[in-house]
Amino acid sequence: MIDLTTLIPMLMAASTPILFAALGELIVERAGVLNLGVEGMMIVGALAGFATAVATGNPYLGFVAAAVAGAAVSMVFALLTQVLLANQVASGLALTMFGLGLAALFGKAYEGIKAPAMGPGPLGLNWIVWLGLASVPAIWWFLNRTRPGLILRGVGENHDAAHGLGHPVRRVRTGAIAFGGAMAGIGGAFISIAIVLQWTEGMTAGAGWIALAIVVFSNWTAPGVLAGAWLFGGVTVLQLRLQAAGVAVPVQLLSMAPYLATILVLVLISARQKFSRRAGLGAPGSLGQNFHALR
Amino acid sequence: MKRRQLLASAAALGAMSLAIPAFAQDEKLKVGFIYVGPVGDGGWTYQHDLGRQAIEAEYGDKIETTFIESVPEGADAERALTQLALAGNKLIFATSFGFMDAVVNVAAKFPDVKFEHATGYKRADNVATYDARFYEGRAVIGTIAGRMTKSNKIGYIGSFPIPEVIQGINSAYIHAKKVNPDVEMKVVWVYSWFDPAKEADAAAALIAEGVDVFMQHTDSTAPLAKAQEAGALGFGQASDMANFAPSPRISSIIDNWAPYYIKRVGAALDGSWKSEGTWAGIGDGEVVIGEITETVPAEVKAEAEALRDQIASGAYHPFTGPLKKADGSDWLAEGAVASDEELSGMNFFVEGITAQIPQ
C-alpha cells in the first residue's frame, strides 16, 4: 500500500533535525546541565545556515556556519549558568525566546529567498542525514569507551566528586554546552536548507521541545535517542503518508503516540528501578544543578 | 553621594515615566491585531499585516496600530487580547478561526472595546465577524488543477477539518472534476496553520502518492518549495507567493483584507461601527485570483478567468446542484445553490472524494 522505499528515506530525513538536536542535548545533560534553549539554538542555526548557504551557494558551508552560530548562542547560556550560576531552567527558557527573536530580526532580509540545491548522497539522502546517523555510534563510543567521556559522565553524575578528583567541572560543562549548541544549530539548518528549502520565521515550530522529550525517552543513551527520533519522525511521516494514501487514520491518536510512548518508557524504567534495584532512571545525578567550588 | 545621586535620578526617571501617559492622552484611535503566525510567513498573516499597513496609510496619525504575532490558538490568545484591551486599543482584530472563544470571553470583559474576529461565527454587541469566500477562488484554481494534472491525481494540504477548509476542498474538487472526470483528490491534514517542516512533509507525502498538482490551506510557502524540488505544481495561498512563479506557482488565491479593514476602522472613527457578519468574495475584491502564469496553456487560462468573472458577477455559484454528499445522499437538486448557512456549517465531502474527514 505504501512504498517502503520512499517511506524510509522520508522518515530518515524528517527525523534528522530532532536527531541532531537530541544528540547534542544528550551530551549536555550527561554533563549535568539542563539546557531548555534547544529551540532557540535550532532557529539561530536555521537562519545562520540558510544565510550562509545562500551567500556562498554551498549548503554544506551553511551547516558549518549553523554549528558555529548554535555554539555561539549557547555560550550566552554557558556564561549565565556556569560563570554567573544563574538558574538553568530560567536561563534555558530565556535562550529559546532570545534565539527566536534574534532569528526573526535578522531573518527579515532572507524571506522569500530559495536555498541552493543540495545534491543527493547515497540512497537519495544527503550527506547530513548520514552524518546524523554516524553520530549515534560515535557519541555512544565517546560516552562509554573513552576517558573524556567517562570524565563527562562523572561530572554529570556527581560534580562534587568529579571536582574532588581534580576535573574541571565548569570547563567540561561549557564544552558540552557548546557541543549541544552546535548540534542544535545543524539540526535547525537541516530544516531550513534540506526540508523547507527557505527561511521562514518560527520555522522550527517546536522541534527543539521534541528533542528534549526524546532525551528523556532515550533514558539518556545514544541508541535510545535514535529510536526516539525515528519514532517521532516516523509517526509524523507515516500518518501523512497514510492520509495521502487515503487510509482513514485517527490522526490525533497517531500524533500523540510518541508522547504516550515517552510516558510509558518513564513508567517502565522507574518501575524497574523500584522492583529490581538494578539500573534505574538514566538521568544524571547532578542534572540541572549548578556547581560552585567551595574549596 | 553617589548613592544619593542614583536615588535622585531614579526618582526623576519614575516621574518621567509617569508623565508619558499624560502626553499620550490624545484622540488617536488605537487599533490592535493578534496574528496566529509571524508577519513574515509570506501567506495568511502577511496579508493581514498588509491590511494593517493599509489602514495606517489611509488614516495616518488619526490612528495607532499594534500587533502581537505568533499567538497560539487557545488560552494564550485570551492573554494577548486582554493585553491589547488593557493597553487602550478600542478596536481589535483577531485573525484566526481558533481565537473565537478567546475573543468572545475577552469581549464580555471589555464592553467598550470593539472586536473583529476573522472566519468565526460567534458574534456579540461588540464582536463582529468577517470572512472571505475562499471557496470561490478554490473553484478557479480547482479548474486549473484539473486541467494541469497529468497523473489525474490532485492533492490538498488541509490545516484543520473546519467548514472553511472543507468548503475549499469540495469547491476545488467539484471544479477539477468538471473539467477532468478522471481526477482523484487526495487530502492530508497537518493540524496546524503554520508548521513549515510539516507542510513540506505533507507535500512530499502527496507527491509520493503520485500527486502532481496540489493546493494548500496552510500559511507557509514550504509546500511550494517542495513542489519546485519535485517538479510538481501548486498555487499561492492567502498571499500571491509570486517569487515561486511561473512554476511551481501557477496561480494563487490572494486574501485582500485592506478594503474591509479600511471600511471598519473608518466606521469606528465616525461612530457608525456596529456588530455584523461580513462574508465577501471575488466580486467584492476580497478574494483575488493571482496572475495565471505562462506555464498554464492559454485556453486553460481563459477558461479559469471566465469562471472567475462569472463568479464575480454573481452569475454562477460554485456550489450549484445537482450535487451529492460523499455518503451518496442527495444534497443540492438540479440548479439549486447552497445557502450561506449550509456552507458555514459544512462538515461533509461531496460525492467523489474518497478521503475521510477526521472526526
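Residues numbered from 1 in each chain as written. Chains lettered and ligands numbered in written order. Predicted model: local features only at pLDDT ≥ 70, side-chain atom pairs only at ≥ 80, totals over all residues.

## Observations regarding the overall build of chain A
Then, number 1: Along the backbone of chain A there are eleven helices and zero strands.
Then, number 2: For chain A, the sequential pattern of α-helices and β-strands runs α-α-α-α-α-α-α-α-α-α-α.
Then, number 3: Here chain A has a C-alpha radius of gyration of 19 Å; the compact-globule value for 295 residues is 19 Å, and the two agree.
Then, number 4: Projected onto its principal axes, the C-alpha coordinates of chain A cover approximately 60 × 45 × 30 Å.
Then, number 5: Residue burial in chain A is summarised as follows: out of 295 residues, 51% are buried.
Then, number 6: The contacts in chain A between residues at least 6 apart in sequence include a share of 79% that link residues at least 24 apart. (Helix = DSSP H or I, 4+ residues; strand = E, 2+ residues; numbered from the N terminus. Rg over C-alpha atoms; globule rule 2.2 N^0.38 Å. Buried ≥ 20, exposed ≤ 12 C-beta atoms within 10 Å, placed from the backbone. Contact = placed C-beta atoms within 7 Å.)

## A word on the overall build of chain B
Then, number 1: For chain B, the count of helices and strands is eleven helices and 14 strands.
Then, number 2: Here chain B has a C-alpha radius of gyration of 23 Å; the compact-globule value for 359 residues is 21 Å, and the two agree.
Then, number 3: Dimensions of chain B, computed from the C-alpha atoms along their principal axes, are close to 85 × 45 × 40 Å.
Then, number 4: When burial is assessed residue by residue, chain B has 52% of its 359 residues classed as buried.

## A word on the pairing of strand S10 (residues 249-255) of chain B
On a regular strand, one side chain projects to one face of the sheet and the next to the other, so that they alternate.
All names here are of chain B.
Then, number 1: When you tally the buried positions in S10, you get seven out of seven residues, the bulk of the element.
Then, number 2: In terms of strand pairing, strand S9 (residues 234-238) meets S10 through five bridges, oriented parallel. Along S10, the bridge assignment pairs Phe235 with Ser251.
Then, number 3: Pairing between S10 and strand S12 (residues 287-290): four bridges, direction antiparallel. Following the sheet pairing, Asp255 is matched in S12 by Val287. (Pairing = 2+ DSSP bridges.)

## Overview of the packing of helix H7 (residues 196-208) of chain B against helix H8 (residues 222-230) of chain B
Residues and elements named next belong to chain B.
Then, number 1: Between H7 and H8, whose axes approach to 8 Å, the crossing angle comes to 40 degrees. Taken together, H7 and H8 sit at an angle that is classed as oblique. Considering the relative orientation of H7 and H8, their crossing is right-handed. For the pair formed by H7 and H8, the contact residues are Pro196, Glu199, Ala200, Ala203, Ala204 and Ile207 on the first element and Ala222, Pro223, Ala225, Lys226, Ala227 and Ala230 on the second.
Then, number 2: By residue class, the composition of the contact of H7 with H8 is ten nonpolar, no polar and two charged. (Axes fitted to C-alpha atoms, helices over the stretch in contact; angles between N-to-C directions. Parallel < 35°, antiparallel > 145°, perpendicular 65-115°, else oblique. Left-handed = near helix turned anticlockwise from the far one by under 90°. Nonpolar A, V, L, I, M, F, W, Y, C, P; charged D, E, K, R; others polar.)

## Quick word on the nonpolar core
Residues and elements named next belong to chain A.
Then, number 1: Among the nonpolar cores identified, the biggest contains 158 residues, and Ala22 and Phe50 are the most heavily contacted of them.
Then, number 2: At 16 residues, helix H8 (residues 169-195) tops the list of elements feeding residues into this core.
Then, number 3: In this view, Ala22 contacts Ala211, Ile214, Val215, Val225, Gly228 and Ala229; residues no more than four positions away in its chain are not counted. (Core = buried A, V, L, I, M, F, W, Y, C linked by C-beta atoms within 7 Å.)

## Structural notes on the packing of helix H3 (residues 59-83) of chain A against helix H4 (residues 88-107) of chain A
All names here are of chain A.
Then, number 1: Where H3 meets H4, the axes come as close as 10 Å, and the angle between the chain directions of the two elements is 155 degrees. For the element pair H3 / H4, the angle class is roughly antiparallel. As for how H3 packs across H4, the hand of that crossing is right-handed. Between H3 and H4, the contacting residues are Val73, Val76, Phe77, Leu80 and Thr81 on the first element and Gln88, Ser91, Gly92, Leu95 and Gly99 on the second.
Then, number 2: Class assignment for the residues of the contact of H3 with H4 results in five nonpolar, five polar and no charged.

## Quick look at the sheet that holds S10(B)
All names here are of chain B.
Then, number 1: Pairing is mixed across the open sheet formed by three strands, whose spatial order is S9-S10-S12. Of all the strands in the sheet, just S9 and S12 have a single pairing partner and so form its edges. Along the sheet, successive strands turn relative to each other by an average axial angle of 15 degrees, direction set aside.

## Examining the environment of Thr52(A)
Residue and element names in this part refer to chain A.
Then, number 1: Within the secondary structure, Thr52 sits in helix H2 (residues 38-56).
Then, number 2: On a C-alpha basis, the gap between Thr52 and Phe63 in space is 8.4 Å, while along the polypeptide they are eleven residues apart.
Then, number 3: Among residues more than four places away in sequence, those in contact with Thr52 are Leu61, Gly62 and Ala65.

## Points about the interface of chain A and chain B
Then, number 1: On the chain B side, the residues contacting the 30 residues of chain A number 32 residues.
Then, number 2: Of all the secondary-structure elements, those providing two or more residues to the side of chain A that touches chain B are helix H1 (4-30), H4, H8, helix H10 (222-244) and helix H11 (251-276) of chain A.
Then, number 3: Tallying contributions element by element places H10(A) first for the side of chain A that touches chain B, with six residues.
Then, number 4: Of the residues in the side of chain A that touches chain B, the class split is 15 nonpolar, ten polar and five charged.

## Focus: the sheet that holds strand S4 (residues 114-118) of chain B
Residues and elements named next belong to chain B.
Then, number 1: Sheet architecture is open: six strands sit in the order S2-S1-S3-S4-S5-S11, paired in parallel fashion. A strand with exactly one partner marks an edge of an open sheet, and here the two such strands are strand S2 (63-68) and strand S11 (277-280). Direction aside, neighbouring strands of the sheet carry axes that sit 15 degrees apart on average.
Then, number 2: Sheet strands touched by helix H2 (residues 44-59): strand S1 (29-34) and S2. Its angle to S2, the strand with the most contacts, is close to 165 degrees.
Then, number 3: Along the sheet face, helix H4 (residues 100-109) touches strand S3 (91-94), S4 and strand S5 (127-132) and points at about 170 degrees away from the line of S4.

## Describing helix H6 (residues 147-157) of chain A
Then, number 1: Among the residues of H6(A), Leu152(A), Gly154(A), Val155(A) and Gly156(A) are the ones counted as buried.
Then, number 2: Against the buried residues of H6(A) lie H1, helix H7 (159-164) and H8 of chain A.

## Things to note about the domain arrangement of chain B
All names here are of chain B.
Then, number 1: Domain parsing of chain B yields domain 1 (3-132) and domain 2 (134-254 + 288-344).
Then, number 2: Each of domain 1 and domain 2 has a C-alpha centre, and these two points are 33 Å apart.
Then, number 3: Each partner contributes to the interface: domain 1 provides 14 residues, whereas domain 2 provides 13 residues.
Then, number 4: Take the side of domain 1 that touches domain 2: its biggest share by element is four residues, from H2.
Then, number 5: Here the residues of the side of domain 1 that touches domain 2 are counted per class, giving six nonpolar, seven polar and one charged. (Domains from an automatic or database assignment.)

## A look at H8(A)
Residues and elements named next belong to chain A.
Then, number 1: For H8, built from 27 residues, the straight-helix expectation of 39 Å at 1.5 Å per residue is met to within 8% by its first-to-last C-alpha distance of 38 Å.
Then, number 2: At Ala189, H8 shows its maximal kink, close to 25 degrees.
Then, number 3: Of all 27 residues making up H8, 24 are buried, and the element is well covered by its neighbours.
Then, number 4: Trailing H8 by a residue or two, Leu197 shows a phi angle of about 65 degrees, which is positive. (Expected span 1.5 Å × (residues − 1). Bend = angle between axes of the 7 residues up to and from the residue.)

## Things to note about the pairing of S4(B)
Residues and elements named next belong to chain B.
Then, number 1: Here S4 lies mainly inside the structure; five of its five residues are buried.
Then, number 2: Burial along S4 is two-sided: Lys114, Glu116 and Ala118 facing one way and Phe115 and His117 facing the other are all buried.
Then, number 3: Alignment of S3 against S4, held across four bridges, turns out to be parallel. When the sheet's bridge partners are listed, Phe93 is paired in S4 with Glu116.
Then, number 4: Pairing of S4 with S5, which is carried by four bridges, proceeds in the parallel orientation.

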